[in-house]
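Now for the letters of each chain:
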Amino acid sequence: MTDAVKVGFVPFSAQPRGVLVVFTDETLRFGPATRKVLGGYEDTIKRAAATAQFKGKSGSALDILAPAGLKIGRLIVAGTGKAGSLKEEDYIKIGGTSVARLKAGNEAVTMIAELPGGPLKPDQVAAIAAGIRLRAYKFNRYKTKAKDEDAALKAQISIAVADVAAAKKAFSPTNNVVDGVLIARELVNEPPNVLYPVEFARRAALLRKLGVQVEIFDVAAMKKLKMGALLGVSQGSAHDGRMVVMRWNGAASKTDKPVAFVGKGVCFDTGGISIKPAGSMEDMKGDMAGAACVVGLMHALAARKAKVNAVGAIGLVENMPDGNAQRPGDIVTTMSGQTIEIINTDAEGRLVLADVLWYTAQKYNPKFMIDLATLTGAIMVALGTEYAGLFSNNDQLSERLTKAGQATGERVWRMPLGPEYDKQIDSKFADMKNAAGRNGGSITAAQLLQRFVGDTPWAHLDIAGTGMGAPASDINTSWGSGYGVRLLDQLVADYYEAKR
Ligand code: BES
Ligand code: MN
Ligand code: ZN
């Protein structure tokens, strides 16, 4: 992992070293522990704030080098805005923006987890620590001549808190989730010559170390299952496809119905014979962001020993043009027995998911099934990079996902499904076709998926806009976002996990 920042907790009484970060809100006052550390320096801060017109607004900071009388190299007074209205998502961002100010050379950092109103609660401290790690992540594995801006932060960040044990306890599961996000980002960022289906499957199998059961299906195994749609996409590539099924049994009973997550893992999408234009085609290395999220999520659940049974299933292929590639006009038979006429070989994600969704529903009869896929360019036209598209046959699941999205900041926006749209994918020659017109492109894609979920409560998240290539944010500067890991971990924790 390209993540060299270390976060630890120390008591308020610890002597700060290196860079000191303290927090204030729009009152420009400080909490008691912070005042103790600042001592007489508070007056200087007041004058500096006036000169710099620092008003404690969210995201703003006063930056003072070598403050006289303090045994530190640099003091950052970070504003949080109105302290009363801060939510968990805001604390994550506070962690992220604090890190953004540090330089690669800043090795020791102390951050006092206190607002004017007093010490932050353990959950708030954990959120700040999460934000720190999320923001510090850099994907620079392939830079051999690191410039300053590429250098990863190698800081030891000590967060000073009222209760070290409580902070550690709160951060432990959050830290596992952050690891999951970084794993997902890493997979999305990796180049496609390195991360092809077999290699992706190998990395997913690393979850075995955490007690996850990992089953890898090769081409012969998928032929046996009659996964004609997934294999049709894969057949034009020199790299064989794989399906990986990961299982975490954390519920009290092994027979508890699992929750299930399904990911699109197109390790590279050229479009196939319906080849894509050259512009930005390199971005299609990220067409496995859905599968990456499922791996990251399974890591998070297993590492924090979530009290739930969970299944993660990912379809890994490469969509290439080749003498053996599938053609527009081909008709494939899915594992379900339903047939699909290929109209456009670039509408490949739904073909992969059709078989993996069907397999997961049949084999595991899950409580619900959520798939994640960088499925359509049309979802970016509709929602941009802020919200993922949510399509579902179940209102309760949709509401829960929406709430988890608001809590984590990984937001979803529900889109329609309906029989009128469904008609658009009827085919002259087969049970359905894999592409309809441009209009409602994300919806007709979701309609096809729905034909492979039966009665299972199901939600589809179209993450083409959110999973990769979104603008840098307070908590991510890398290309892959790891979108979905925090969202789905929160969903599981809030609604599907036995309370401890
Ligand atoms: N992987 C793409 C969707 C995509 C596009 C994701 C841009 C991220 C950024 C998907 O396989 C695809 O090519 N979809 C087509 C479907 C069409 C041919 C019906 C699309 O969206 O244009
Ligand atoms: Mn495609
Ligand atoms: Zn694709």
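Just so we're clear, the structure is a prediction, and the values are computed from it rather than from any experiment.

## Digging into the coordination of the zinc ion (ligand 3)
Within the first shell, the zinc ion (ligand 3) binds the protein through Lys264 (NZ), Asp269 (OD), Asp287 (OD) and Glu348 (OE), at distances of 2.0 to 2.4 Å. Taken together, the six donor atoms coordinating the zinc ion (ligand 3) and their angles of 78 to 174° define a geometry best described as octahedral. Written as a sequence motif, the donor arrangement for the zinc ion (ligand 3) is K-x4-D-x17-D-x60-E. In this model, the zinc ion (ligand 3) sits 3.1 Å from the manganese ion (ligand 2), the two metals being bridged by aspartate 269. Of this pair, lysine 264 sits in strand 11 (residues 259-269) while aspartate 287 is found in the loop between strand 11 and helix 9 (289-303), placing the two residues 23 residues apart along the sequence.

## As for the environment of alanine 472
Mapping alanine 472 onto the fold places it in the loop between strand 19 (458-462) and helix 15 (485-495). Taking the relative accessible area as the measure of exposure, alanine 472 reaches 60% and is therefore exposed. A C-alpha to C-alpha distance of 9.7 Å links alanine 472 and arginine 135, two positions 337 residues apart in sequence.

## Description of the packing of helix 9 against helix 15
Following both chains from N to C, one finds helix 9 and helix 15 inclined at 45°, their axes separated by 9 Å at the closest point. The angle between the axes of helix 9 and helix 15 places the two elements in the oblique class. The hand of the helix 9/helix 15 crossing is right-handed. Each of Cys293, Gly296, Leu297, Ala300 and Leu301 in helix 9 lies in contact with helix 15, whose residues at this interface are Val485, Leu488, Asp489 and Val492.

## Details of the sheet that holds strand 13 (residues 331-333)
Strand order across the open sheet formed by three strands is 13-14-18, with mixed pairing between neighbours. This sheet does not close on itself; its edge strands, each paired only once, are strand 13 and strand 18 (432-433). Two strands pair when backbone bridges link them, and strand 14 (residues 339-341) and strand 18 are joined in this way by two bridges, in the parallel orientation. Residue isoleucine 340 lies in a different strand from strand 18, and its bridge partner there is methionine 432.

## A short note on the pattern of salt bridges
In a structure, side chains of opposite charge can pair up when their charged atoms sit close to one another. In total, this model carries 23 salt bridges according to the counting rule given. Close ionic contact of arginine 414 with aspartate 395 constitutes a salt bridge, the shortest N to O distance being 2.8 Å. Taken as a pair, arginine 414 in strand 17 (residues 411-414) and aspartate 395 in helix 12 (residues 395-408) lie far apart in primary sequence, 19 residues in all. What makes arginine 414 partly exposed here is its relative accessible area of 34%. A network of salt bridges, in which partner residues are shared, links Arg141, Glu186, Glu190, Glu199, Arg202 and Arg203.

## Remarks on the sheet that holds strand 10 (residues 242-249)
Ordered in space as 9-10-12-11-15-19-16-17, the eight strands form an open sheet in which the pairing is mixed. The strands lining the two open edges of the sheet, one partner per strand, are strand 9 (213-217) and strand 17. The mean inter-strand angle of the sheet, taken between neighbouring strand axes irrespective of direction, is 20°.

## Comments concerning the side chain of arginine 242
Structurally, arginine 242 is set in strand 10. Although buried, arginine 242 forms no salt bridge, and the nearest oppositely charged side chain, aspartate 240, lies 4.4 Å from it.

## Re the coordination of the manganese ion (ligand 2)
The protein atoms donating to the manganese ion (ligand 2) are Asp269 (OD), Asp346 (O), Asp346 (OD) and Glu348 (OE), with metal-donor distances spanning 2.0 to 2.2 Å. Coordination at the manganese ion (ligand 2) is irregular: its six donor atoms span angles of 71 to 166° at the metal. Sequence positions of the residues that donate to the manganese ion (ligand 2) give the spacing D-x76-D-x1-E. Assessed through its relative accessible area of 2%, aspartate 269 is described here as buried.

Cut-offs and rules
Residues numbered from 1 in each chain as written. Chains lettered and ligands numbered in written order. Predicted model: local features only at pLDDT ≥ 70, side-chain atom pairs only at ≥ 80, totals over all residues. Heavy atoms only, no water. Donors = N, O, S within 2.8 Å, 3.2 Å for Na, K, Ca; no water. Tetrahedral: all angles 85-135°; square planar, octahedral: opposite > 155°, others 65-115°. Helix = DSSP H or I, 4+ residues; strand = E, 2+ residues; numbered from the N terminus. Buried < 20%, exposed > 50% of the residue type's maximum accessible area, 1.4 Å probe, protein only. Axes fitted to C-alpha atoms, helices over the stretch in contact; angles between N-to-C directions. Parallel < 35°, antiparallel > 145°, perpendicular 65-115°, else oblique. Left-handed = near helix turned anticlockwise from the far one by under 90°. Contact = heavy atoms within 4.5 Å. Pairing = 2+ DSSP bridges. Salt bridge = Lys/Arg side-chain N within 4 Å of Asp/Glu carboxyl O. Lys, Arg positive; Asp, Glu negative; His and termini not counted.

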